[in-house]
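Summary of the model geometry
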Amino acid sequence: MSPKAHAYLLVLRWTLALIFLANGIPKLYDPGFGADADQFFASLTDDVIFQPYKIVLHDLVIPNAPIFASLVKYGEIALGVVFFLGWPLRLAATAATFLHLNYLAIASFPTFIYLNVIMIAAEWACVNAFEKHK
């Protein structure tokens, strides 16, 4: 890989890290984050575009809402750190893909759909490029 291509991919990876950190860190300092998670997740059931996900949301996520709220908060921060460090990148891309697929399942308008698909593509582009050229 040329040094220029490597630099572009490094910027892409750090941009992904910044996006995850910018979404996760404010949740740490929001004392109300997750307090009404069950109501928040219940409000998303109307926006589900992948109908089998409604069952998961209703039977698994809503009864365990505080746990899932914490997983989102700490997961986004962990993904940001891992994408910044670049290790373990494949594990981070897998976890991030899972997170984005969950967001896709409740995406109520096209912007969220496109954004999540672009994020998945960018994460795996980083994994493939950096693993091929180690």
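Right, let's walk through the structure included here. As the structure is a computational prediction, the values presented were derived from the model and not from experiment.

For the rest of this paragraph, the subject is the packing of aromatic side chains. One pass over the structure, following the stated rule, counts three aromatic pairs. With a centroid separation of 5.9 Å and an interplanar angle of 10 degrees, the aromatic rings of Phe20 and Phe83 are classed as stacked. One end of the pair, Phe20, is in helix 1 (residues 3-28); the other, Phe83, is in helix 4 (residues 65-85), with 63 residues separating them in the sequence. By the burial criterion, Phe20 is buried, and Phe83 matches it.

Attention now moves to helix 3 (residues 52-61). Along an α-helix, residues three or four positions apart point the same way, because every turn accommodates 3.6 residues. For helix 3, the full list of buried residues reads Tyr53, Leu57 and Val61. Considered in projection along helix 3, the buried side chains sweep an arc of 45 degrees and stay on one side of the axis. Turned more than 90 degrees away from the buried face of helix 3, the exposed residues are Ile55, His58 and Asp59. Looking at the packing, one finds that the buried side of helix 3 touches helix 2 (37-44), helix 4 and helix 5 (89-105).

The next subject is unusual backbone geometry. Omega for the bond connecting Trp87 with Pro88 falls within 30 degrees of zero, at -15 degrees, which places this linkage in the cis form. Relative to the helices and strands, Pro88 resides in the loop between helix 4 and helix 5.

Computed from the structure, the largest pocket encloses a volume of approximately 1,100 Å³. Looking at the largest pocket, it is lined by 38 residues, and the ones nearest its centre are Val72, Glu76, Leu99, Asn102 and Tyr103. Secondary structure elements with two or more residues in the lining of the largest pocket: helix 1, helix 2, helix 3, helix 4, helix 5 and helix 6 (110-132). Taken together, the residues of the lining of the largest pocket sort by class into 28 nonpolar, seven polar and three charged.

This next bit is on a nonpolar patch on the surface. A contiguous nonpolar surface patch, about 400 Å² in accessible area, is contributed by Trp14, Val81, Phe84 and Leu85. A total of three residues in the nonpolar patch trace back to one element, the largest contributor, which is helix 4. Mapping Leu85 onto the fold places it in helix 4.

All right, on to the environment of Ala96 then. Among the structural elements, Ala96 can be located in helix 5. Of the residues examined, Ala96 reaches a relative accessible area of 0% and is grouped as buried. Considering only alpha carbons, one finds Ala96 and Glu76, 20 residues apart in sequence, at a separation of 8.3 Å.

The nonpolar side chains of a soluble globular protein tend to be buried with one another. Of all hydrophobic cores here, the largest spans 18 residues; its most connected members are Leu16, Phe20, Leu79, Phe83 and Leu89. The set of elements that each furnish at least two residues to this core consists of helix 1, helix 4, helix 5 and helix 6. Counting residues per element, this core draws most heavily on helix 6, which supplies six residues. Beyond its immediate sequence surroundings of up to four residues, Leu79 is in contact with Phe20, Ala92, Ala95, Ala96 and Leu99. Judged by nonpolar contacts, the second largest core, of 12 residues, contains Tyr53, Val61, Ile62 and Ile106.

Parameters at a glance
Residues numbered from 1 in each chain as written. Predicted model: local features only at pLDDT ≥ 70, side-chain atom pairs only at ≥ 80, totals over all residues. Heavy atoms only, no water. Phe/Tyr/Trp six-rings, centres within 6.5 Å; stacked < 30°, edge-to-face > 60°. Helix = DSSP H or I, 4+ residues; strand = E, 2+ residues; numbered from the N terminus. Buried < 20%, exposed > 50% of the residue type's maximum accessible area, 1.4 Å probe, protein only. Arc of directions from axis to C-beta. Contact = heavy atoms within 4.5 Å. 1 Å grid on protein atoms, 1.4 Å probe; cavity = no way out; pocket = protein on both sides within 12 Å on 5 of 7 lines; lining within 4 Å. Points joined across faces, edges and corners; volume = space filled by probe spheres on them. Nonpolar A, V, L, I, M, F, W, Y, C, P; charged D, E, K, R; others polar. Patch = residues over 30% accessible without salt bridge, like charges linked within 9 Å, V, L, I, M, F, W, Y side chains within 5 Å. Areas by Shrake-Rupley, 256 points an atom, 1.4 Å probe, with all protein chains shown as cover. Salt bridge = Lys/Arg side-chain N within 4 Å of Asp/Glu carboxyl O. Core = buried A, V, L, I, M, F, W, Y, C linked by side-chain atoms within 4.5 Å.

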